[in-house]
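Structural description and commentary
Listed below are the residues making up each chain.
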Amino acid sequence: MCRFNCPARLAMTLVISVFCCHLAHAEIVRIAIAGPFTGAVAQYGDMVKAGALTAIEQINAAGGAAGKKFEAVLLDDACEPKQAVAVANKVVSEGIKFVIGHVCSGSTIPAADIYENEGVVMITPSATALQLTDAKQRQFIFRTIGRDDQQGPAAAKYVIEQLKPQKVAVLHDKQSYGQGMATSVKAALDAARIAVVVFEGIHAGDSDYSAVITKLKSRGVDFVYFGGYHPEMGLLLRQAREQGIKAVFMGPEGVGNKDITAIAGAASEGMLVTLPVDFAADPANAALLMAFAAQKRDPNGPFQMPAYAGVKVIADAIAGAKSSDLAQVAAYLHSHTFKTPIGIVAYDDKGDLKSFKFVVYTWHQDASKTALN
């Protein structure tokens, strides 16, 4: 995920103690949880925080990792690249070894450059952009989420096989995440010889999309894919319906947020969205749901369980390597598999998951959803 137009803010640092007094003499390993805790997409930062904190608490309560206890440090990047760089430099200067985050692709990519250069292990539970792991050789950068080239084809496959549209518009917000998703979907539609009659970007943060909506109407578009986030998708949906456009709209996990209903109202009914499998519905995670509930945290969202999994694989790698040395932990992550709430995690040479499943859902105006595949 990414967002470039959030206002820059000073990093908000909050150290959360997640271990009891009797653990005071254990070796403490700090884990930064980095993401947007303020701004337009703070909901996604809250999801990551909920998953990571729950994992830290559970691991500490079970004795830690090889006798080491975890301490969380929350760092707000507001989903803004310059602020993410400031956060990454703070992580390095304070000697923090591990990072869960960042959340948005546009902020994750520049931060990852710093972590890689300084040998800090980073696991993002949400950044899907290909550039994160394709642009440079990485040793210390990992994900617990699929890539754009896993999610995009999953969306396109459903469109090609089930919807079979005649005239398609592919829109994006001109940012790393949204443009990457849109490009991936368009490539698959082009290969299937489905006519993409509109392919262009909109400005994130605008309040009036009537110009592009007029274009959709004049071109007779019956399907719209939007790569971006829920604030813009909500406005596109509402304004399109106001102009009488009945096309089906679809987007990636960045639009699958309950707040889209507050923006789009009834127009959000029937929107299609690709999301990770609903890990909270997995019976194997029933006990874990109780741990979330005990702390009054919501486990239902695309990033809570991937964030939990990120902490768990760090803990398992420390235990397996019998060391918190970063090079040894990174090597262990690359060469082993891990049992997590999102299933078996196994990494390729780039630090990407060898497999990850995205599901197509129909969104309802009450913010519920129904799986379609």
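In this numbering scheme, every chain counts its residues from 1 along its sequence in written order. The predicted origin of the model limits local features to residues at a pLDDT of at least 70 and limits the giving and counting of side-chain atom pairs to 80 or more, whereas totals for whole chains, interfaces and linings rest on all residues. In computing side-chain properties, one takes all heavy atoms of the structure into account and sets aside hydrogens as well as water.

The next thing to look at is the nonpolar core. Nonpolar side chains tend toward joint burial in soluble globular proteins. Ranked by internal contacts, the top residues of the largest apolar core, which has 73 residues, are Ile33, Phe70, Phe98, Ile100, Val121, Val311 and Leu333. For this core, the element with the most residues is helix α11 (residues 304–321), which contributes 10 residues. Excluding residues within four positions of it along the chain, Ile100 makes contact with Ile31, Ala32, Ile33, Ala34, Val48, Ala52, Ile123, Pro125, Ala307, Gly310, Val311 and Ile314. Formed by 29 residues, the second largest nonpolar core is a distinct cluster that contains Ile213, Ala240, Met271 and Val359. In this text, buried Ala, Val, Leu, Ile, Met, Phe, Trp, Tyr and Cys residues form a nonpolar core when linked through side-chain atoms within 4.5 Å. Type-normalised accessible area, obtained with a 1.4 Å probe on protein chains alone, sets the label of each residue: buried when under 20%, exposed when over 50%, and partly exposed for intermediate values. Under the scheme used here, helices are H or I runs from DSSP no shorter than 4 residues and strands are E runs no shorter than 2 residues, and both carry numbers assigned from the N terminus. Contacts were defined at the residue level, with two residues in contact if any of their heavy atoms lie within 4.5 Å.

Residue placement: Tyr115 occurs in helix α3 (residues 105–118). Classification of Tyr115 as buried rests on a relative accessible area of 0%. Each C-alpha atom of the pair Tyr115 and Met47 lies 23 Å from the other, and the pair is 68 residues apart in sequence.

This next bit is on unusual backbone geometry. A cis amide bond links Gly101 to the next residue, His102, at an omega of -5°. Mapped onto the fold, His102 is located in the loop between β4 (98–100) and α3. A positive phi is found at Arg193, a non-glycine position, where the angle reads about 60°. In this structure, Arg193 sits in the loop between α6 (176–191) and β8 (196–201). With a relative accessible area of 79%, Arg193 lands in the exposed category.

What follows concerns the packing of aromatic side chains. Working definition: a ring pair exists when centres of Phe, Tyr or Trp rings (six-membered ring for Trp) sit within 6.5 Å. Plane angles under 30 degrees give stacked, over 60 give edge-to-face, the rest tilted. According to the stated counting rule, one finds seven aromatic pairs in the structure shown. Joined through ring pairs, the aromatic side chains of Tyr44, Tyr177, Tyr229 and Phe303 make up one cluster. Note on criteria: charge over ring means Lys NZ or Arg CZ within 6 Å of the ring centre, with the direction from the centre no more than 35 degrees off the ring normal. Over the face of the ring belonging to Phe199 we find Lys186, whose NZ or CZ atom lies 5.5 Å from the ring centre. Positioned above the aromatic ring of Tyr361 is the side chain of Lys369, whose terminal nitrogen or guanidinium carbon lies 5.4 Å from the ring centre.

Moving on to the state of the cysteines. The disulfide criterion is simple: two cysteine sulfur atoms within 2.5 Å. Throughout the structure, instances matching the rule amount to one disulfide. The disulfide bridge from Cys79 ends at Cys104, spanning 1.8 Å between sulfur atoms. A torsion of -125° about the S-S bond marks the disulfide between Cys79 and Cys104 as left-handed. Remark: Cys104 occurs in the loop between β4 and α3 and Cys79 occurs in the loop between β3 (68–76) and α2 (81–93); sequence separation between them is 25 residues. The two residues Cys79 and Cys104 agree in class, both being buried.

Another point: the side chain of Ser324. Take Ser324: it is sitting in the loop between α11 and α12 (326–335). Here a polar contact is taken to be a pair of N or O atoms separated by no more than 3.5 Å, where protein atoms must pair a possible hydrogen donor with a possible acceptor and residues adjacent in sequence count only if both atoms sit in side chains. At a separation of 3.3 Å, a polar atom in the side chain of Ser324 contacts the side chain of Lys97. The contact partners of Ser324, leaving out residues within four places of it in the chain, are Glu27, Lys68, Lys97, Phe98, Ile318 and Val329.

With that out of the way, let us pick up the layout of surface pockets. Put plainly, a pocket is an open set of points on a 1 Å grid over the protein atoms alone with protein on both sides within 12 Å along at least five of seven lines, a cavity is a set where a 1.4 Å probe fits but cannot get out, and a lining residue has an atom within 4 Å of a point. Grid points are joined across faces, edges and corners, and a volume is the space filled by probe spheres set on the points. One number sums up the size of the largest pocket: a volume of about 450 Å³. Lining the largest pocket are 21 residues, and of these Met47, Asp298, Asn300, Gly301 and Gln304 lie nearest its centre. Going through the elements one at a time, α1 (42–61), β11 (272–276) and β14 (358–363) are the ones with two or more residues in the lining of the largest pocket. The leading source of residues in the lining of the largest pocket is α1, at four residues. Amino acids are sorted into nonpolar (Ala, Val, Leu, Ile, Met, Phe, Trp, Tyr, Cys and Pro), charged (Asp, Glu, Lys and Arg) and polar (every other residue, Gly among them). Grouping the constituent residues of the lining of the largest pocket by class yields 10 nonpolar, six polar and five charged.

All right, on to the sheet that holds strand β9 (residues 223–227) then. Any two strands are treated as partners once DSSP identifies two or more bridges connecting them. Ordered by their spatial adjacency, seven strands build an open sheet running β8-β7-β9-β10-β11-β14-β15, and the pairing between neighbours is mixed. Across the chains shown, the open sheet's two edge strands, defined by having one partner strand only, are β8 and β15 (369–371). Along the sheet, successive strands turn relative to each other by an average axial angle of 25°, direction set aside. Relative to β15, β14 runs antiparallel, the two being bridged by three bridges. Comment: axis = line fitted to C-alpha atoms, over the contacting stretch for helices; angle = value between 0 and 180 degrees taken between N-to-C directions.

All right, on to the packing of helix α10 (residues 286–294) against α11 then. One can describe the packing of α10 onto α11 by two numbers: an axis separation of 13 Å at closest approach and a directional angle of 100°. Between α10 and α11, the angle falls in the class roughly perpendicular. Listed contacts from α11 to Leu288, Leu289 and Phe292 of α10 are Gln304, Met305 and Tyr308. By residue class, the composition of the contact of α10 with α11 is five nonpolar, one polar and no charged. Roughly parallel means an angle under 35 degrees; roughly antiparallel, over 145; roughly perpendicular, 65 to 115; everything else is oblique.

What follows is about the side chain of Thr54. Assignment of secondary structure puts Thr54 in helix α1. Classification of Thr54 by relative accessible area gives buried; the value is 1%.

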